[in-house]
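Observations on the three-dimensional arrangement
What follows is each chain in one-letter form.
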There are 2 protein chains.
Amino acid sequence: MEFDILLTNARIADVFRYRLFEGWIGVRGGRFVAVEAGDAPAGIRAAETHDLAGRIVAPGLIDSHLHIESSLLTPRRFAEAVLPFGTTTILSDPHEVGNVAGEAGVRWMIAASQDLPLRIYHSIPSCVPATAPELEWTGEVFDAGAIQRLARQPSVIALGEVMDYRGLLGPNERLRAIVAAARENNLIVEGHIPTLSGLELSQYLAHGISSDHTLTFAAKIQEQISKGLAVMLQTKSVTPENLAAVADLPDRSHIILVTDDIEPSLLTDGRGHLSRIVALAIECGMPPLEAIAAASIRPARYLGLRDHGAIAPGFLADFLVMDDIAAFPPMQVYVGGQTVAKAGAMAAPITRENPAQPDYPGIPGNFAADDFKLDCHGRGGSAQAQIVALQNRHSTLTRLEQATVRLQAGHALFQADDGLALASVIARDESSRTVGLIANTGLKQGAWASSVAHDCHNLLVIGRSPAAMAQAANAVQRMGGGVAVAWDEGLIASLRLPYFGLLSDEPVADVADGLAAVEDAMRGLGAHQTRPFLTFSIMSLSVSPYAKFTDRGIVDTESRRLIQPISTDV
Amino acid sequence: MEFDILLTNARIADVFRYRLFEGWIGVRGGRFVAVEAGDAPAGIRAAETHDLAGRIVAPGLIDSHLHIESSLLTPRRFAEAVLPFGTTTILSDPHEVGNVAGEAGVRWMIAASQDLPLRIYHSIPSCVPATAPELEWTGEVFDAGAIQRLARQPSVIALGEVMDYRGLLGPNERLRAIVAAARENNLIVEGHIPTLSGLELSQYLAHGISSDHTLTFAAKIQEQISKGLAVMLQTKSVTPENLAAVADLPDRSHIILVTDDIEPSLLTDGRGHLSRIVALAIECGMPPLEAIAAASIRPARYLGLRDHGAIAPGFLADFLVMDDIAAFPPMQVYVGGQTVAKAGAMAAPITRENPAQPDYPGIPGNFAADDFKLDCHGRGGSAQAQIVALQNRHSTLTRLEQATVRLQAGHALFQADDGLALASVIARDESSRTVGLIANTGLKQGAWASSVAHDCHNLLVIGRSPAAMAQAANAVQRMGGGVAVAWDEGLIASLRLPYFGLLSDEPVADVADGLAAVEDAMRGLGAHQTRPFLTFSIMSLSVSPYAKFTDRGIVDTESRRLIQPISTDV
């Protein structure tokens, strides 16, 4: 009997029976080959032996629903950010990169995920584009053929969240063909179910949907479990009320903890990645061993990863050594029997290079102040405008309002306290653009521009001053993508995101600092949102209630109708 | 909204939450598309509507570990036998046919399972042969290549039970390669773990084994669950003590009910197939809804059959209509939304033909009494014999004894009450044969012969009279396989098994009657076992303790050594 690693005097987290037991562990060839109660027998040889002195060994955490792009990091930098906090396996849905760079973008994300110490499986984004191509400029339009081709990649195990639930139930034949192709290829089909219940929920699920991760509540959990879904709890769903409802279920195997979207500032706040959801669940009343199970063996089994997610013989030796059951960051993180992180930091930097980026639509540039004139059809003096008004400082909800705006040579003349700003979306291929008015951003001067502009990630520019808007937009173009804040005289702050205009290949701390500087600059110009970058970058999300900007105009997101920002009948 | 079938006023079995609820169900295209609480809304149209008046709708039962061959039926006749009692999906391990006819035999079983109303998935038998080729004549020897080829069949999802656990831990390189090939092909690997625990269990599981279905007890269940296994309870394991241990587990998702081996006489006793295990579990204290779950959604999820095993939207419309939760046979059995059985009988006979049998080693014949002489090397008078002695009437356990036998012209001269009989195994290709002595069969006269002779299924003949042995053996050969009982003057009873010498294509009632007649005839000759056919047919199982016959001699099953039945040093 010989092991690569022998761990003695461990307290082993049993995620099948929700208990700790004292025992010893042998690892060979990257897998557990001995997980035994009691003391290790004499005479066992091992290349390394560690006396754990009663420390806990728990499985590495498995995140079964997330978007790497929310971190603004490339896969390798994302791996460096999350491994020290114990996330060892993820299912990544590269929805944003897919929307910018299509099939080649998804293939790049898959290639960039290979040979990392983080095990990365992939969902094929189902909603490329997220909305109808006539509402905005989009890159590729995925069809069933794209799904068939991408499903052949070994790391692809799912179709990403089917967000267009109304389309699936109704007119979206292309989406139905995509879902059918996914099922033919035996992919899991991830759901996105903010509002459906009863018969409408059943009709949506009848297409083979198997999970939901949107905001939930007790009655929703109960109905979804009874209809066979995996119920994924992300931060906002982990509440004492929900966990009490969960505790009443006799079979909790499909109650799973996920992150979905975690921003750089959260990744660097000391609470980590999926670890933060585990800790929150424990705070809200879930027993600690069960919280670990809900982030390890449960997602593993749900995803069909039969040798992931437990400290058990034959399973992959992905594990955490901790002082207490949910003491994050772990003292050590192992993947495949190798130490990858210690005391909250990577044991060694990831040295593999990113693959070359494919061709994709770049970022428009060379703007002048006059590019941000309102299209008032040659009439001077004033224009009748449709205005997208933010409802409050804490959400991305908007409503449509009407007002008359004073103009000078096409340029809006703002009052000091009118709360208005210009918003412009320029298609990545410059084939079309909009300039309109937005209310309640808080901006008093200057401008913000970003190539992160959900979900099509055209160039989005919001500002009080056309000259500053040109400065910010040109800065984004010069960086090859990113976020910039400017006033008329030049740049105040910027964050470079040169991968697809979405991702940085810098360390997470630098990206978090860069984004913090951008948000500080936004606040300096008057922005007053809780999360100004996120709020601004969603002002182009044409599926998000109730009115948003695209390069074609303003989309009434409920009726899916395009509205022109400036009426021609002034 | 239009359905193929609308079921109103149902009590729906929720196998996720272990409850019944009143509601209605819509089926379209063979799947559930509506499973709703309350009354069906007005205005729904359906091709058929059934008011269930409070009857129960439960999922069809899923048997995740069995051997069709134990029923002595071809797959289509097996389907007819089990569907009326609510088994709608099975995982079949064609271990016996594989041992007789190799890869072609497994392919035949797969082909014969297509287009039946029973959903049949397959395991590739891992132990072809079950033992070492030097101990007995075997057909093909499966290697990793056979696994790779067979894994490409869409219905293949597992490698069959890895019975040679000592071989896997020790010298059997071929078996290790087979298991590795199965894992490379993402097959589930079924275990067979009668005795291992602790570190030996872990070493066995380290090869990727994921289930056990052998006789179990509370401590074994607890260890196996903690080591990540699916614990499958068959008849002999369903006890009040075991179910009490199960009830204490917080996660019972991997406690599963299975049949393993069910004989024709049981299939016709009115308690059915997996239904009998469900009913037994309820009698032993498992809550009824949980017993249904343990035979539906749990095996479905374990097997990765994501749309099987529940009454839920998107799931296959395989369901049972019953008066009470475990009232078997169900009033109706549906598969894919079609009625396949009613009130314990098939709704319509299965009309599809079997595929043509492949070439395989036939059954030896043309025997004369002198073929059953003892090989006493030309010496007359007496011989020193090694005797395989049955230990009791209720088990297949044997021990090896020594005695001196009187001979006349090579033929054994028996005493009236010596309890002895002759046992002979003739290789299917007639390349070798044994004649030896067996004790405590009860036989006083006549003979029994069978081409069902575990696990290699050579021709096994047991009798008091060489002339009767020749009669019985020749009858088996004339039938193209089967079981025969004869005395010197001719046949007493027989059962024809012309498919591989293992299976009948007659209805289960006829096969059960035929086997009953064979066993009555065996008893008439003196056989006194509880299950004489089973006991006799296992006298050639060279892995079954402690001594068994093969065509090469007697195998000491613990040391895996061959012993000659007659010593040369008389």
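Residues numbered from 1 in each chain as written. Chains lettered and ligands numbered in written order. Predicted model: local features only at pLDDT ≥ 70, side-chain atom pairs only at ≥ 80, totals over all residues. Heavy atoms only, no water.

**What about the interface of chain A and chain B?**
To keep it simple, the criterion reads: What makes two residues a contact is simply this: any of their non-hydrogen atoms within 4.5 Å. Summed over both partners, the accessible area (1.4 Å probe) lost when two parts come together is defined as the buried area. Any carboxyl oxygen of Asp or Glu that lies within 4 Å of a side-chain nitrogen of Lys or Arg is treated as forming a salt bridge with it.
Across the contact, 42 residues belong to chain A and 43 residues belong to chain B. Here chain A packs against chain B, burying approximately 3,500 Å² in sum over the two surfaces, 53% of which is carbon and sulfur. Our count for the chain A to chain B interface comes out at two salt bridges. For the salt bridge of K227(B) with E36(A), the shortest nitrogen-to-oxygen distance reads 2.9 Å.

**Some details on the pattern of salt bridges**
To be explicit about the condition: Strands here mean DSSP runs of E at least two residues long; helices mean DSSP runs of H or I at least four residues long; both are numbered from the N terminus. The buried label applies to any residue whose accessible area, calculated with a 1.4 Å probe on protein chains only, is under 20% of its type's maximum; exposed applies above 50%, and partly exposed to all values in between.
Inspection of every chain in the model, using the stated rule, returns 50 salt bridges over all chains. For R77(A), the salt bridge is made with E80(A), and the minimal N-O distance between the two is 2.8 Å. Linking R77(A) with E80(A), this pair stays in helix α1 (residues 75–82), spanning three residues, or about one helical turn. For the pair shown, R77(A) and E80(A) are each scored as buried. The partner of D14(B) in a salt bridge is R19(B), with the nearest N and O atoms 2.8 Å apart. Judged by its relative accessible area of 2%, D14(B) is buried. A cluster of three or more residues bridged by salt bridges with shared partners is formed by E36(A), E223(B) and K227(B).

**Some thoughts on the relation of the copies chain A and chain B**
Here is the rule: Copy-to-copy superposition: least squares on the C-alpha atoms, limited to residues that have pLDDT of at least 70 in both copies.
Of the two same-sequence chains, chain A is brought onto chain B (RMSD 0.1 Å, axial shift 0.0 Å) by a rotation of 180°. Expressed as a symmetry operation, the mapping of one chain copy onto the other fits a two-fold axis.

**Some remarks on the pairing of strand β28 (residues 553–556) of chain B**
Residue and element names in this part refer to chain B. Basically, it comes down to this: A pair of strands is labelled paired if DSSP reports no fewer than 2 bridges between them.
Sheet topology places strand β27 (residues 547–550) next to β28; four bridges connect them, and they run antiparallel. Each residue of the ladder has a partner; that of T550, found in β28, is G553. Counting the residues in the hairpin turn of β27 and β28 gives two residues. Sheet topology note: the β28/strand β29 (residues 561–563) ladder contains three bridges and is antiparallel. From the neighbouring strand, D556 faces β29, where its bridge partner is R561. Hairpin connection from β28 to β29: four residues lie between these consecutive antiparallel strands, with R560 at a positive phi of about 60°.

**Some thoughts on the packing of helix α2 (residues 95–112) of chain B against helix α3 (residues 144–151) of chain B**
Helix-helix packing is characterised by the crossing angle of the two axes and by the distance between the axes. All names here are of chain B. Worth spelling out the cut-off: As a rule, the C-alpha atoms of each element are fitted with a line to give its axis, helices using only the stretch in contact, and angles between N-to-C directions run from 0 to 180 degrees. We call two directions roughly parallel when the angle between them is under 35 degrees, roughly antiparallel when it is over 145, roughly perpendicular when it lies between 65 and 115, and oblique otherwise. Helix crossings fall into two classes, left-handed where the near helix is turned counterclockwise from the far one by less than a right angle and right-handed where it is turned clockwise. Note that Gly is not counted as nonpolar here; it falls among the polar residues with everything else outside the nonpolar set of Ala, Val, Leu, Ile, Met, Phe, Trp, Tyr, Cys and Pro and the charged set of Asp, Glu, Lys and Arg.
With their axes 11 Å apart at the nearest point, α2 and α3 run at an angle of 20° to one another. As the angle between them shows, α2 and α3 are arranged roughly parallel. Where α2 crosses over α3, the two elements pack in a sense that is right-handed. Across the interface between the two elements, E103, V106 and R107 of α2 pack against A146, R149 and L150 of α3. Split by residue class, the contact of α2 with α3 holds three nonpolar, no polar and three charged.

**A few points about the confidence of the model for chain A**
Note the threshold: You can read pLDDT as the predictor saying how much it trusts each residue, on a scale of 0 to 100.
Overall, the predicted model of chain A reaches an average pLDDT of 96, with 99% of residues at or above 70. Across the predicted assembly, pTM comes out at 0.96 and ipTM at 0.95.

**What about the side chain of Q386(B)?**
All names here are of chain B. Going by this rule: Side-chain atoms alone can form a polar contact between residues adjacent in sequence; in general such a contact is a pair of N or O atoms within 3.5 Å, and within protein one must be able to donate a hydrogen while the other accepts it.
Locating Q386 in the fold gives a position in strand β18 (residues 382–390). Note on Q386: relative accessible area 15%, which makes it buried. A polar side-chain atom of Q386 sits 2.7 Å from a polar atom in the side chain of Q402. In this structure, Q386 is in contact with L400, E401, Q402, L437, I554, I563, Q564, P565 and S567, ignoring residues within four places of it in sequence.

**A word on the packing of helix α7 (residues 218–226) of chain A against helix α8 (residues 240–247) of chain A**
Residue and element names in this part refer to chain A. For the pair α7 and α8, interaxial distance at closest approach is 9 Å and the crossing angle is 35°. Our pair here, α7 against α8, has a crossing hand that is right-handed. Of the residues in α8, those touching α7 at A218, I221 and Q222 are N242, A245 and V246. Split by residue class, the contact of α7 with α8 holds four nonpolar, two polar and no charged.

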